[in-house]
Amino acid sequence: MIRQAKGKTPRRPPPRKPASNQKDPVGVYCRVRPLGVEDEECCIEVISSTTIQLHAPEGFRTNRNGEYKETQYSFKKVFGVSVSQMELFEYVAKPLVDDLIHGKNGLLFTYGVTGSGKTFTMTGSPGQGGLLPRSLDMIFNSIGPYQAKRYVFKTDDKNGMEVQSEVDALLERQRRENNLPVPKTPSSRQKLDPEIADMIKPEEAYKADGVDEDSSYSIFVSYIEIYNNYIYDLLEETQEDAIKPKPPQSKILREDQNHNMYVAGCMEVEVKSAEEAFQVFWRGQKKRKVANTRLNRESSRSHSVFIIKLAQAPLDADGDNILQDKNQVTVSQLCLVDLAGSERTGRTGAEGTRIREAGNINQSLLNLRTCIEILRENQMCGTNRMVPYRDSKVTHLFKNYFDGEGKVKMVVCVNPKADDYEETLLVMRFAEMTQEVEVARPVDRPICGFTPGRRHRNQAFKEELSRKLEERGGPIDRDVPTVINHLVHSLPPLPSCELTDPHDDITLPRLIEALQNRHRIRQMMTEEFNKAANTMKSMLQDLDSNLIAKDNFIHEQNGKLGEKDKIIQANKEEIERLEKRARMQEHKIDILQKTTKIYEGDKRSLQHELETREQRLQRELSEKRRMEQRMHGVVSDTQHKWEKECERRVNAMQLEMQNKLWVKDEKLKQLKAIVTESKTPGRPDPPPRQTQPQPRQMQTQTQPQPQPKRPSREERLPAKRSASPSPLPTTTPVRPLHRRSRSAGGEKWVDHKPASSLDLGTVLQPVVPNAIQVSAPNEKALSKCDRYVLTHQEVASDGEIQTKLIKGEVIKTRGGGQAVQFTDIETLRQELTTIPSRKRKSSEGAPANGNQSDGAWTDVETRCSMAMEMRAGSNMAPGFEHHGITKRRKP
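Not measured: the values here are computed from a predicted model.

**Details of the overall build of the protein chain**
Then comes step 1: When helices and strands are tallied, the protein chain shows 19 helices and 28 strands.
Then comes step 2: The buried share of the protein chain, reckoned over its 891 residues, is 35%.
Then comes step 3: The contacts in the protein chain between residues at least 6 apart in sequence include a share of 70% that link residues at least 24 apart.
Then comes step 4: For the protein chain, the accessible surface area stands at approximately 57400 Å², while carbon and sulfur atoms represent 52% of it.

Laid out in structure tokens, this is it:
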């Protein structure tokens, strides 16, 4: 058993691409509506015939900085408020009507906000006909004498056109008139609507040039609307039911064999005059969806599309009948679209159904803008993004025009009142973007191979035949069968043929003679007719030969013109290439100039920064040299100071050792004296000797016992000095020492207690109120306080630990830091009166006249005679500077 091969779906042929590589931009025109009486402020100004300027109204700011911004937009042509409908038609629609008659498609649509005059521009008013009625009038003025009889062209259901003979057309016409599926349109001028009849004045009529006389034409019109993204046929006749009316049936879009979109099931009416076409249009216009809004009394709630389809077919070789070949039929169409205006529901006051209608209108216009944007991006950037034509019925229906099936033109209608400024701004941006989209130029239709002028020759032959008949006394009629009938009646009449007697020999010979006479006249007429026909044929042949020669000459000239056109086109392309290259070079030069300016600015800034850094470096070097000199001086001073200090300490150590030796010598002498005295009997005991001096407080009350002096030793050695470094001389003024303690004041204190301080467990403890306790001074604490106290512990001369509170004031220095100037010292000390002192005061060897050295207390005073300065901005430990303070001696 052989298995049958599975059938495959045939591959769909690719869409037809235009054969022409030339492209034309979308023609965008602007029309400004006159300002209303109640509108005072105007936001649009016509600058030139191609440019308008938008002014921001009062209270509306377009820039963030609050400035008013004026924008200009350019169009192919700008029509001001004084431009008439006839001038608008001449610039915009007349070229599209010429292309329609010559077999090319066209699309014209009006665009703008609601109430901007789109419907008036397309339809017009009595006495001021719009683009649509003027286009129909021009079409019928051009093809009126060459129209075919009704129903010779017949539309099929697949967007095609068929041709049938005059007999079939006559039968079709009779059948339709009997059935009356479509009411017959009256052609009488008195029965027309006066609004339609008075739209166009006779002197405003136009006529196309170069109409092919060897073709027959027929016009079909259809009228649809796109309401809420559904397509409805406005010419469809529905049976009205008053009890239960049926809603209109929406139509669908289909694609024909040439990949053109059409509305399936849409009614196409054949019209034979402009008046009839106007009436058909008006019949559908009455069914269109309109509503009353706050901004427009008759606002269009749908997009209307009026389609004018022109079918033309060439005549046969005789120039008498239409060629019965479907492939020779050329169909072109012109779509006149009145788009509904974009609107904001807040301004129109729409509610319920009106809101839904406005949403669908705005969505369809948004889809149109999206398709235009993507087409522009694909053409300018070389991308291949898919254009979303199917998102809306408007774009899906007219996608063939943007793919190169005809010219596209748009009339942007604007209202200059200030309330529509924001919507007008968006419309202008869309129009500016649409002008950058290019559409492929449609190709010319092929010319059939018949000799041109066939209709004229046939008409001339009929006129010549009528003239000949007129010369021979025949009837002057253009209809050949009628002429033949008259010729038959002009022959000699036949005698009576009634036979009453079988032997009658007169009637039959008389009849034979009459017939022979008629036959002879007929032969003569036939010979003359043949002679005239041969003469006419020779004349026609001569005319044909002359026409062929002229055609050959014209063809040669056309060939030469074609070559010249190719040369001109090549030169134009070369010029465009050079201009493009020049623009590119200019653009590169501009970029290089901008880059050079940027680099020069960077160079200047870097040079300025380099000079600044060099100056800073020079200042730093000079500062470094000054700092080195300063530090060198400080180092030399410090070295000299410490040399003196070392020398002083060595001398002090030598003196201390000599004192210790002297004390030991004294002890040995006393021991020796005791031993000696104990051996000598009867000698009285000497009084007891005091080895350690009493405390300073006691010395001020009682006179100490005289101490033995060493001969020549105290005179040779200098007085004992403190072990602390000697204070440096200073010029800083010192505040006089106060006798009373000021630690209980209201100032804020820095309580500096070193971490090595010991707790002595005494009853009396130093308490500083309103103080910040620190273990090491820092800049932060000193900047917050105005007084300073240092708790210092040291071993007294009797071996006990004494506490000294060294107080000072915090002052600000010129360098921005803080300095501590010591002003007072408080001493806290413990004494045991029952235990003798363990150490000898260093002043015991001093002379008794009171000119003794400072003693042990001088060491602490000397070491505390300094000021501590914290440098501003220092990240390291605080630096110290020694400032000598002249201390007051105790009495």
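**Things to note about the packing of aromatic side chains**
The description of an aromatic ring pair rests on the distance of the ring centres and on the angle between the ring planes.
Then comes step 1: Applying the stated criterion across every chain yields a total of nine aromatic pairs.
Then comes step 2: Taking the centre distance of 5.5 Å and the plane angle of 50° together, the rings of Phe 89 and Tyr 206 count as tilted. With Phe 89 in helix H1 (residues 85–91) and Tyr 206 in the loop between helix H6 (194–197) and strand S12 (215–227), the pair connects residues that are 117 residues apart, well separated along the chain.
Then comes step 3: Look at Phe 89 and you get buried, because its relative accessible area is 0%.
Then comes step 4: For the ring pair Tyr 788 and Phe 822, a centre distance of 5.8 Å and an interplane angle of 70° mean the geometry is edge-to-face. Taken as a pair, Tyr 788 in strand S25 (residues 787–795) and Phe 822 in strand S27 (residues 818–828) lie far apart in primary sequence, 34 residues in all.

**A few points about unusual backbone geometry**
Backbone geometry follows two general trends: most residues other than glycine have a negative phi, and most peptide bonds adopt the trans configuration.
Then comes step 1: Phi angles above zero are rare outside glycine, and Asn 228 is one such case at about 55°.
Then comes step 2: On the secondary structure map, Asn 228 appears in the loop between S12 and strand S13 (230–233).
Then comes step 3: By relative accessible area, which is 10% here, Asn 228 ends up buried.
Then comes step 4: For His 259, which is not glycine, the phi torsion reads 65° and is therefore positive.
Then comes step 5: Considering the arrangement of structural elements, one finds His 259 in the loop between strand S14 (252–255) and strand S15 (261–264).

**What to know about the pairing of strand S7 (residues 106–112)**
Then comes step 1: In terms of burial, S7 is largely enclosed, as seven of its seven residues are buried.
Then comes step 2: Side chains Gly 106, Leu 108, Thr 110 and Gly 112 of S7 all project onto a buried face; the interleaved residues Leu 107, Phe 109 and Tyr 111 project onto the opposite face, where all are buried too.

**Focus: the nonpolar core**
Then comes step 1: Within the largest apolar cluster, 56 residues are counted, with the highest numbers of intra-cluster contacts made by Ile 52, Phe 75 and Phe 398.
Then comes step 2: Leave out the neighbours within four places in its chain, and Phe 75 touches Val 28, Tyr 29, Cys 30, Thr 50, Ile 52, Met 428, Ala 431 and Gln 435.

**Describing helix H4 (residues 131–143)**
Then comes step 1: The end-to-end C-alpha separation of H4 is 19 Å, in line with the 18 Å expected for 13 residues at 1.5 Å each.
Then comes step 2: Extensive coverage of H4 is indicated by the burial of twelve of its 13 residues.
Then comes step 3: Buried within H4 are the following residues: Leu 131, Leu 132, Pro 133, Arg 134, Ser 135, Leu 136, Asp 137, Met 138, Ile 139, Phe 140, Ser 142 and Ile 143.

**Points about the confidence of the model for the protein chain**
Then comes step 1: In the predicted model, the protein chain carries a mean pLDDT of 77, and the fraction of residues at 70 or more is 73%.
Then comes step 2: Note on residues 1–11: pLDDT under 50 across the span, and zero contacts to partners over four residues away in sequence or across chains.
Then comes step 3: Scored below 50 in pLDDT, residues 475–481 shows ten contacts in the model against residues more than four places distant or in partner chains.

What counts as what
Numbers given to residues run from 1 along each chain, matching the order in which its sequence is written. Selection of residues for local features in this predicted model requires a pLDDT of at least 70, selection of side-chain atom pairs for listing and counting requires 80 or more, and totals for whole chains, interfaces and linings are taken over all residues. Hydrogens and water are ignored here; the side-chain numbers use all heavy atoms of the structure. Only DSSP runs of H or I covering at least 4 residues are called helices, and only runs of E covering at least 2 are called strands; the numbering of each starts at the N terminus. Note on exposure labels: buried denotes an accessible area under 20% of the residue type's maximum, exposed denotes more than 50%, and partly exposed covers the range between, all computed with a 1.4 Å probe on protein chains only. The contact rule is simple, with two residues in contact once any of their heavy atoms fall within 4.5 Å. Only the protein chains shown count as cover for residues, and all accessible areas are computed by the Shrake-Rupley method using a 1.4 Å probe. Here the aromatic set is Phe, Tyr and Trp, taking the six-membered ring for Trp, and pairing holds for ring centres within 6.5 Å; pairs whose planes are under 30 degrees apart are stacked, those over 60 apart are edge-to-face, and all others are tilted. For this analysis, a nonpolar core means a set of buried residues of the types Ala, Val, Leu, Ile, Met, Phe, Trp, Tyr and Cys, connected via side-chain atoms within 4.5 Å. A helix is expected to span 1.5 Å for every residue after the first. A score between 0 and 100, pLDDT records how confident the predictor is in each residue.

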